[in-house]
Amino acid sequence: MTSMPASAAPSPASGKSKYTLSAKLPDATLHKWLRDLMLIREFELKTMAAYQQAKIGGFCHIYIGQEAVVVGTFGAVNHDDPVVTAYRDHGHALARGMSARACMAEMFGKAAGCAKGKGGSMHMFDKPNWLFGGHGIVGAQTALGTGLAFAARYEYEVLKTGPKKVCLSYMGDGALNQGCFHEAQNLAGLYSLPVIFIVENNGYSMGTSIERGTTMAHNLCLKAAGYGIDAIQIDGMDVMSLYDQFKPFADKCRAEQRPGFVDLKTYRYQGHSMSDPQKYRTKEEVAKFQERDTIMTLSNYLLNERKSLSEAEYQKIQADVRDEVKDSVEFSENAPVPELSELYTDVYAEPMPNLSPSGEYTHGAKNPLL
Amino acid sequence: MPQLTLVQAINLALAQEMEADPRIIILGEDVGKNGGVFRVTEGLQARFGADRVVDSPLAESGIMGSAIGLAMAGLRPIPEIQFEGFLGPAYDQLTNHAARYRTRSRGAVTIPMTVRVPVGGGIHAPELHSDSPEAIYAHTPGLKVVMPASPYDAKGLLISAIRDPDPVVFFEPKRIYRAFREEVPEEEYTVPIGKAKVVETGSDLTIVSWGASVLQCIEAMDKLPEDISVELIDLRTIYPFDQDAIIESVQKTGRCVVVQEAPKTCGMASEIATVVQEHCFLHLKAPVQRVCGFDTVMPYYKLELEYLPNAERILEAVMSCAAY
């Protein structure tokens, strides 16, 4: 599933770029996007391999196909804008700046992981990068996004200790049907909170296609309208056109301190989790989306249309991300498992006498990888 | 020193803490304009503004989830859930999120949140408004659970809870919200979480109780024969509970009766009885007795007082334990 070499990709139909805002971004930004997209893709490929070799425990949800979503939306906001997401969260962690080592080691259950191997695949936390977690309960994280936005607005307007922020609250389309999400939207609309609910609409909640699971699947924006929330539908398969549409929307939410809703059409090439027989869709359907793969589209633009990147530079990025991910796997394999005493740490701020009959309570050391 | 009810003591603690710390935000159903379903937050919105005392819709999952988000960002939210039965919709947020973030993020993300919840029976409410679910939350690692039985303790424990770096479920026994007054200092003070209080000292038998039942225990003790000396311990904190105080007392008296409103099976009384047999086995002169609610759904008000432990049932247990 690595991206098609750019030289084999179809060339653009016309000389005039279809991109607007993103075309004006510096080369370095777009090259970084390409690298992030390729890093996530490569990381997920190696994650799958490690899972199949039983090196990763728990459950594992692969992001391949949806990479443009995080790279394009993060590109449109500030680093200190808080982010909360669901359990398909490796891409969010990497795109926010978590090291591949910390992310991979977490899944390996090793002490060097972002949460010392206590969280696993679904629970990527990276507070220095304003990532407030992947979350395993479908839809429940959306209310946390509402609260983070409340805090941001409170810090800006009442305490006067922070800038105008906007919180990005990601979710899958399955979360559309959870009660908590409707409470979160109502509160955000009612209190006018700067939170953008980004539905990573990959068309399936596990094995159930969206039209079998939710009403108004053809126009989700009308759902948000019921909560007085401005909504926009964006095609999420091309990172640059995604940015072109998302950037002004996010800027408006920030400026007006209002909530937003984005129906972001995307697609996961892999199954829901690593144990998904995928009886609910055809290979042809998957192939149709792969024809519009974001890495292929962006690399093609940079190589052939913008001509800011040479073939050699592209190959260098590919080699670099391979090395980085390979290093993260080797690092994780060799990293120590958490000390037994970790069973008793980080439950409460202060020691508790009856956490364990024998365990000495300690605080975890800071993770140098974050 | 002012004589305050439990409601007034909590209101005073909230006001003083909000005055001292602008990061504190109260949110819940009718907490602002109406001053809360039991008027606990009366006057706070007028004093601190609608930005800090926030009326929310009837949406417990949303309230709890938003409060957790606020806490993640470094603020000090105090959500109010109107009745313990309404914790149901917020249970997911409380147990799957709030309780676990310190562990899940290895201490990077913490939830300094105090969830205020009126609890227990005795006010003629229907069953969903009269339960005692403290053991459920004590059984959730990551949460602390507190239940005061007096205005003085309510103020001091609430201030401790608000300042605590971890999520605290602060249960307020509604039966004694306005049952009596006692002297509560005007100035701020704390009552430590995790410390029980010896209400009465005694030498023959130890009663352990908490919440509104402490009052029923006192009533029972007034009816005791002169020659039985009973020590009464108010647990005050359900988790982490004060094992040392219980062990020390029962090693002295050799007899123990535990009184709780909650259903008998798998309640805190069972846990306390276990701790007693683990640590006081050779001191015991009688089996530990439990005086509890029944393993039934809390009844509607006509039968409510039959369900709740009363002075007669407590007295009966104390006498049989003493005579064993």
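Everything quoted here is computed from the prediction, not taken from an experiment.

Colleague: So, the sheet that holds strand β9 (residues 197-200) of chain B: which residues are in play, and what are the values?
Modeller: Residue and element names in this part refer to chain B. In spatial order, the strands read β9-β11-β10-β13-β14; together these 5 strands make up an open sheet with mixed pairing. Every other strand in the sheet has two partners, leaving β9 and β14 (289-293) as the edge strands with one partner each. Ignoring strand direction, the axes of neighbouring strands in this sheet form an average angle of 25 degrees. Direction of pairing for strand β10 (residues 205-209) relative to strand β11 (residues 230-234): parallel, over a ladder of 5 bridges. Counted as the bridge partner of S209 is D234 from β11.

Colleague: For the packing of aromatic side chains, give the residues involved together with the corresponding values.
Modeller: The tally for this structure, following the rule as stated, stands at 18 aromatic pairs over all chains. Centroid distance A:Y204 to A:Y280: 4.8 Å. Interplanar angle 45 degrees. Geometry classified as tilted. Of this pair, A:Y204 sits in strand β4 (residues 204-205) while A:Y280 sits in the loop between β7 (260-265) and α10 (283-290); the two residues are 76 residues apart in sequence, bridging distant segments of the chain. The exposure class assigned to A:Y204 is buried, which follows from its relative accessible area of 9%. When the centroid spacing of 6.2 Å and the interplanar angle of 55 degrees are considered together, the rings of B:Y137 and B:F171 count as tilted. In this pair, B:Y137 is assigned in helix α6 (residues 134-138) and B:F171 in strand β7 (residues 168-173), connecting sequence segments 34 residues apart. Exposure remark for B:Y137: the relative accessible area of 4% places this residue in the buried category. Given a relative accessible area of 0%, B:F171 falls into the buried group. Through a chain of ring-to-ring contacts, the aromatic side chains of B:F38, B:F83, B:F86 and B:Y177 assemble into a single cluster.

Colleague: Provide a residue-level description of the domain arrangement of chain B, including the pertinent values.
Modeller: Residue and element names in this part refer to chain B. Here chain B is described as being made up of domain 1 (3-183) and domain 2 (197-323). Averaged C-alpha coordinates put domain 1 and domain 2 at centres separated by 26 Å. Each partner contributes to the interface: domain 1 provides 28 residues, whereas domain 2 provides 25 residues. Of the roughly 2100 Å² buried between domain 1 and domain 2, counting both surfaces, carbon and sulfur atoms make up 59%. Summed over the shared surface of domain 1 and domain 2, the result is 2 salt bridges. Where K197 meets D153, a salt bridge forms, and the shortest distance between an N and an O atom there is 2.9 Å. Seen at the junction of domain 1 and domain 2, the total is 10 residue pairs in polar contact (both at pLDDT 80 or more). Elements with a minimum of two residues in the side of domain 1 that touches domain 2: α6, β6 (144-146) and α7 (151-163). Taken together, the residues that form the side of domain 1 that touches domain 2 break down as 15 nonpolar, 7 polar and 6 charged.

Colleague: Tell me about the interface of chain A and chain B, and name the residues and values.
Modeller: Taken together, the 42 residues of chain A in the interface contact 47 residues of chain B. Interface of chain A and chain B: buried area, both sides summed, is about 3600 Å²; carbon and sulfur atoms make up 65% of it. The largest share of the area that chain A buries against chain B comes from A:F125, A:Y154 and A:Y348, three residues that together contribute 16% of it. Connecting chain A to chain B are 0 salt bridges.

Colleague: Could you give an account of the pattern of salt bridges, naming the residues involved and the relevant values?
Modeller: Considering all chains together, one arrives at 34 salt bridges over all chains under this definition. With a shortest N-O distance of 3.7 Å, A:D263 and A:K265 are connected by a salt bridge. On the basis of relative accessible area, A:D263 is assigned to the buried category, the value being 0%. Look at A:K265 and you get partly exposed, because its relative accessible area is 28%. In this structure, B:R23 and B:D21 form a salt bridge, with 3.0 Å as the shortest nitrogen-oxygen distance.

Colleague: Go over the packing of helix α1 (residues 27-52) of chain A against helix α4 (residues 100-107) of chain A, please, and point to the residues and values.
Modeller: All names here are of chain A. Closest axis-to-axis distance for the α1/α4 pair is 12 Å, and the angle between their directions is 25 degrees. Between α1 and α4, the crossing angle belongs to the class labelled roughly parallel. For the pair α1 and α4, the sense of crossing is right-handed. The residues of α4 that touch α1, namely those facing F43, K46 and T47, are A100, C103, M104 and M107. Classifying every residue of the contact of α1 with α4 by side-chain character gives 5 nonpolar, 1 polar and 1 charged.

Colleague: Requested: an account of the pairing of β14(B), with residues and values cited.
Modeller: All names here are of chain B. Two elements, strand β13 (residues 256-263) and β14, share 4 bridges in a ladder whose sense is parallel. Note on β14: the bridge partner recorded for V257 is Q289. For the crossover from β13 across helix α10 (residues 268-280) to β14, the handedness is right-handed.

Definitions and limits used
Residues numbered from 1 in each chain as written. Chains lettered and ligands numbered in written order. Predicted model: local features only at pLDDT ≥ 70, side-chain atom pairs only at ≥ 80, totals over all residues. Heavy atoms only, no water. Pairing = 2+ DSSP bridges. Helix = DSSP H or I, 4+ residues; strand = E, 2+ residues; numbered from the N terminus. Axes fitted to C-alpha atoms, helices over the stretch in contact; angles between N-to-C directions. Phe/Tyr/Trp six-rings, centres within 6.5 Å; stacked < 30°, edge-to-face > 60°. Buried < 20%, exposed > 50% of the residue type's maximum accessible area, 1.4 Å probe, protein only. Domains from an automatic or database assignment. Contact = heavy atoms within 4.5 Å. Buried area = accessible area lost by both parts, 1.4 Å probe. Salt bridge = Lys/Arg side-chain N within 4 Å of Asp/Glu carboxyl O. Polar contact = N/O pair within 3.5 Å; in protein donor to acceptor, adjacent residues only side chain to side chain. Nonpolar A, V, L, I, M, F, W, Y, C, P; charged D, E, K, R; others polar. Parallel < 35°, antiparallel > 145°, perpendicular 65-115°, else oblique. Left-handed = near helix turned anticlockwise from the far one by under 90°. Right-handed = clockwise from strand over helix to strand, strands pointing away.

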